[in-house]
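# Notes for the structure review
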Amino acid sequence: MKPDAQRGGNNTGRRGFSLRRLRRIQQQKRSEVGICTKYTLFFENFILLFVGLACMALGTYILALKKKKVNDALDFFLDPACDMCLAGSAIFLLSFFGCTGALRENTVFLKIFYYSLSLFLLLEVAVAVLFFLSYYQDDVRNALFPEDTFRKAIVSYRSDRDMQDLIDSLQQSLGCCGMSDNEKGYEDWNANEYFNCTLGNQSPEKCSVPPSCCKMEAGAQINLNCGGNIYTWNNGQRTVSDTRKIYTKGCLMALGDWVNQNALILGGVLLGVLLPQIFIICMARNLLDMIRAQKRKWQR
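Labelled according to an unreviewed UniProt entry, the protein appears under the name Tetraspanin, originating from Batillaria attramentaria. Per its UniProt entry, the protein bears the Subcellular location (unreviewed entry) comment "Membrane". Under the heading Sequence similarities (unreviewed entry), UniProt records this for the protein: "Belongs to the tetraspanin (TM4SF) family."

Pasting the structure below:
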């Protein structure tokens, strides 16, 4: 009986040792990388990859169609097609690193994605803070929205159709005229060769402002002549005749008023833009930590 009992004890010991060894092997085989985190990050970036590609393609097509020539930074940043190409390129590059890094568990690509997206997030927060501060601090406002730069857009109003459409849209949506940060923004149009009020100007639009400066009721058709003859000449002196039909304050001043009236809505929109980015940044960081933990397990 003694040898049998001893043999049974040895079998039990071997079986317990085998189970512990099997559990250890299973733990070693189990990946530290969460499938849910990995593929959620992959599919989000995969979708954004095509969004960025579509923006680039559409922006390039529009630029080629209208044969746009960019002369300076103002022409570039105030052109919707150029902005679309720039935004599409940034989205495409970032999503490529995020998509490839998540799928291949590549820590280099994931680091590029993580740090780039974090930098963009910080820049967005900084711009948002400066934007809100600009309407309480004159120095910040002048730095962010230099009036001289925006007045250059008025000079090219007739020569650049995209600039014309952009200015018309701003003036109608904000209820303003000209680009200045004062109550007499309509005077900015004297800088345009078609609208300036000088005796030697032969343009039929002289001493006028564009129709988009006119006050309009909802649903009414624009009167192309309502901005005409804002100035008159009496005894060789230029005087303002009638401004009741047009908006008088500049668009920078109107933009400040609009921001003050819609601060809460803008804050909500900003949170709606930033929170998904924060979520994706956290996922990228979490996936990086998982991959590092898996590599440490392999080394052991």
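## Some thoughts on the packing of aromatic side chains
For the structure on display, the rule yields 11 aromatic pairs. For the ring pair Phe-96 and Phe-109, a centre distance of 6.1 Å and an interplane angle of 50° mean the geometry is tilted. Highlighted residues: Phe-96 in helix H4 (residues 80–104) and Phe-109 in helix H5 (residues 107–133), separated in sequence by 13 residues. Phe-109 gets classed as partly exposed once you look at its relative accessible area, which sits at 23%. Here the aromatic rings of Trp-189 and Phe-195 are separated by 5.4 Å at their centres, their planes lie at 70°, and the arrangement is edge-to-face. Taken as a pair, Trp-189 and Phe-195 share a single burial class, namely buried. Taken together, the ring pairs in this structure connect Tyr-39, Phe-42, Phe-43, Phe-46 and Phe-50 into an aromatic cluster.

## Description of the packing of H5 against helix H10 (residues 263–299)
Relative orientation of the contacting elements H5 and H10 amounts to 160°, with a least axis distance of 10 Å. Taken as axis vectors, H5 and H10 run roughly antiparallel relative to one another. Like other packed secondary-structure pairs, H5 and H10 cross with a definite hand, here left-handed. Classifying every residue of the contact of H5 with H10 gives 21 nonpolar, 3 polar and 5 charged.

## A few points about unusual backbone geometry
One non-glycine residue, Glu-105, adopts positive backbone phi at about 55°. Looking at where Glu-105 falls in the secondary structure, it is placed in the loop between H4 and H5. A positive phi is found at Cys-207, a non-glycine position, where the angle reads about 60°. Along the chain, Cys-207 falls in the loop between helix H8 (161–174) and strand E1 (231–234).

## Structural notes on the state of the cysteines
Note on terminology: disulfide describes a covalent bond linking the sulfur atoms of two cysteines. Per the stated rule, a full pass over the model turns up 3 disulfides. Across a sulfur-sulfur distance of 2.2 Å, Cys-177 and Cys-213 are joined as a disulfide pair. Of note, the bridge from Cys-177 to Cys-213 carries an S-S torsion of about 80° and is right-handed in sense. With a gap of 36 residues between them, Cys-177 in the loop between H8 and E1 and Cys-213 in the loop between H8 and E1 connect regions that are remote in the sequence. Here Cys-177 matches Cys-213 in class, with each residue buried.

## Thoughts on the nonpolar core
Of all hydrophobic cores here, the largest spans 22 residues; its most connected members are Ile-167, Tyr-186, Trp-189, Val-209 and Ile-246. The set of elements that each furnish at least two residues to this core consists of helix H7 (147–155), H8 and helix H9 (251–261). For Val-209, the contacting residues outside a window of four places in its chain are Cys-177, Tyr-186, Trp-189, Phe-195, Gly-227, Ile-230 and Ile-246. Counting residues in each nonpolar core, the second largest holds 20 residues, with Phe-42, Ala-102, Phe-113 and Leu-274 among its members.

## Section: the pattern of salt bridges
Here the structure, examined in full by the defined rule, presents 5 salt bridges. With a shortest N-O distance of 3.9 Å, Arg-285 and Asp-289 are connected by a salt bridge. With Arg-285 and Asp-289 both in helix H10 and 4 residues apart, this pair spans about one turn of that helix. Judged by relative accessible area, which is 31%, Arg-285 ranks as partly exposed. Relative accessible area serves as the criterion here: at 34%, Asp-289 is assigned to the partly exposed category. With its nearest N and O atoms 3.2 Å apart, the salt bridge here joins Arg-292 to Asp-289. Remark: Asp-289 and Arg-292 occur in helix H10; sequence separation between them is 3 residues, near one turn of the helix.

Rules of the game
- Residues numbered from 1 in each chain as written.
- Predicted model: local features only at pLDDT ≥ 70, side-chain atom pairs only at ≥ 80, totals over all residues.
- Heavy atoms only, no water.
- UniProt positions renumbered as here; feature names shortened; annotations may be inferred.
- Phe/Tyr/Trp six-rings, centres within 6.5 Å; stacked < 30°, edge-to-face > 60°.
- Helix = DSSP H or I, 4+ residues; strand = E, 2+ residues; numbered from the N terminus.
- Buried < 20%, exposed > 50% of the residue type's maximum accessible area, 1.4 Å probe, protein only.
- Axes fitted to C-alpha atoms, helices over the stretch in contact; angles between N-to-C directions.
- Parallel < 35°, antiparallel > 145°, perpendicular 65-115°, else oblique.
- Left-handed = near helix turned anticlockwise from the far one by under 90°.
- Nonpolar A, V, L, I, M, F, W, Y, C, P; charged D, E, K, R; others polar.
- Disulfide = S-S within 2.5 Å.
- Core = buried A, V, L, I, M, F, W, Y, C linked by side-chain atoms within 4.5 Å.
- Contact = heavy atoms within 4.5 Å.
- Salt bridge = Lys/Arg side-chain N within 4 Å of Asp/Glu carboxyl O.

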